[in-house]
Amino acid sequence: LWLSAPQQAATRPPTPLAQSMPIELEAPFWGFMGATFALVFSNMGAAYGTGKSGIGISTLGVGQPELIMKSIVPVVMAGGVGVYGLILARI
């Protein structure tokens, strides 16, 4: 019995995956572009915010030097925007 020839089951030929399921080939491209845009634009905004607040701190330091440490908060917040963009791009 074990020497008998194997019988072929009546099956249809296998179809390639591209024919059985439509797959968007550019989907990974747009996914990576979205992550890139999130990272680039958030860091550009953080750099702009850091620069603008640095100008403000310099101007404030001339007139009221005792308030310089209180005005560091916008710089820290602008850096937080950059870190948030990095996290968002990674997720």
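Each value, and the rule that gives it
- Residues numbered from 1 in each chain as written.
- Predicted model: local features only at pLDDT ≥ 70, side-chain atom pairs only at ≥ 80, totals over all residues.
- Heavy atoms only, no water.
- Helix = DSSP H or I, 4+ residues; strand = E, 2+ residues; numbered from the N terminus.
- Buried < 20%, exposed > 50% of the residue type's maximum accessible area, 1.4 Å probe, protein only.
- Areas by Shrake-Rupley, 256 points an atom, 1.4 Å probe, with all protein chains shown as cover.
- Phe/Tyr/Trp six-rings, centres within 6.5 Å; stacked < 30°, edge-to-face > 60°.
- pLDDT = per-residue confidence, 0-100.
- Expected span 1.5 Å × (residues − 1).
- Arc of directions from axis to C-beta.
- Contact = heavy atoms within 4.5 Å.
- Axes fitted to C-alpha atoms, helices over the stretch in contact; angles between N-to-C directions.
- Parallel < 35°, antiparallel > 145°, perpendicular 65-115°, else oblique.
- Nonpolar A, V, L, I, M, F, W, Y, C, P; charged D, E, K, R; others polar.
- Polar contact = N/O pair within 3.5 Å; in protein donor to acceptor, adjacent residues only side chain to side chain.

Draft legend 1. Inspection of the overall build of the chain at higher detail. Assigned secondary structure in the chain consists of three helices and zero strands. Across the 91 residues of the chain, 10% fall into the buried class. Total accessible area computed for the chain in this model is approximately 7,900 Å², and 72% of it derives from carbon and sulfur atoms.

Draft legend 2. The packing of aromatic side chains, seen in detail. Scanning the entire structure with this criterion turns up two aromatic pairs. Ring centres of Phe29 and Trp30 lie 5.0 Å apart, and the angle between their planes is 70°; this geometry places the pair in the edge-to-face category. Residue classification places Trp30 among the exposed positions, given a relative accessible area of 55%.

Draft legend 3. Representation of the confidence of the model for the chain in the model. Averaged over all residues, the pLDDT of the chain is 82; the fraction at 70 or higher stands at 75%. Ranking the elements of the chain by mean pLDDT puts helix α1 (residues 17-20) last with 58 and helix α2 (residues 27-63) first with 91.

Draft legend 4. Broad picture of helix α3 (residues 73-90). Taking 1.5 Å per residue, 18 residues should reach 26 Å; α3 reaches 26 Å between its end C-alpha atoms and fits that length. Among the residues of α3, Ala78, Gly82, Gly85 and Ala89 are the ones counted as buried. Burial along α3 is one-sided: seen end-on, the buried residues are contained in an arc of 55°. Facing away from the buried surface of α3 by more than 90 degrees, the exposed residues are Val73, Val76, Met77, Tyr84 and Arg90. The secondary structure elements touched by the buried residues of α3 are α2.

Draft legend 5. Molecular detail of the packing of α2 against α3. Taken N-terminus to C-terminus, the directions of α2 and α3 make an angle of 175°; their axes are 8 Å apart at the nearest point. Regarding the angle of α2 to α3, the classification is roughly antiparallel. For the pair α2 and α3, contact is made by Ala35, Ala38, Leu39, Ser42, Asn43, Ala46, Gly49, Thr50, Ser53 and Ile57 and by Pro74, Val75, Ala78, Val81, Gly82, Gly85, Leu86, Leu88 and Ala89, respectively. Of the residues in the contact of α2 with α3, the class split is twelve nonpolar, seven polar and no charged.

Draft legend 6. A look at α2. Taking 1.5 Å per residue as the helical rise, α2 with its 37 residues ought to reach 54 Å, and the 54 Å between its terminal C-alpha atoms agrees with that figure. Of the residues making up α2, those classed as buried are Ser42, Ala46, Ser53 and Ile57. Buried residues in α2 make contact with α3.

Draft legend 7. Here's a closer look at the side chain of Ser71. Inspection of the secondary structure puts Ser71 in the loop between α2 and α3. For Ser71, a relative accessible area of 15% translates into the label buried. Engagement of the side chain of Ser71 in a polar contact is seen with the backbone oxygen of Ile68, the distance being 2.8 Å. Filtering out sequence-adjacent residues up to four positions away, Ser71 remains in contact with Ile57 and Leu60.

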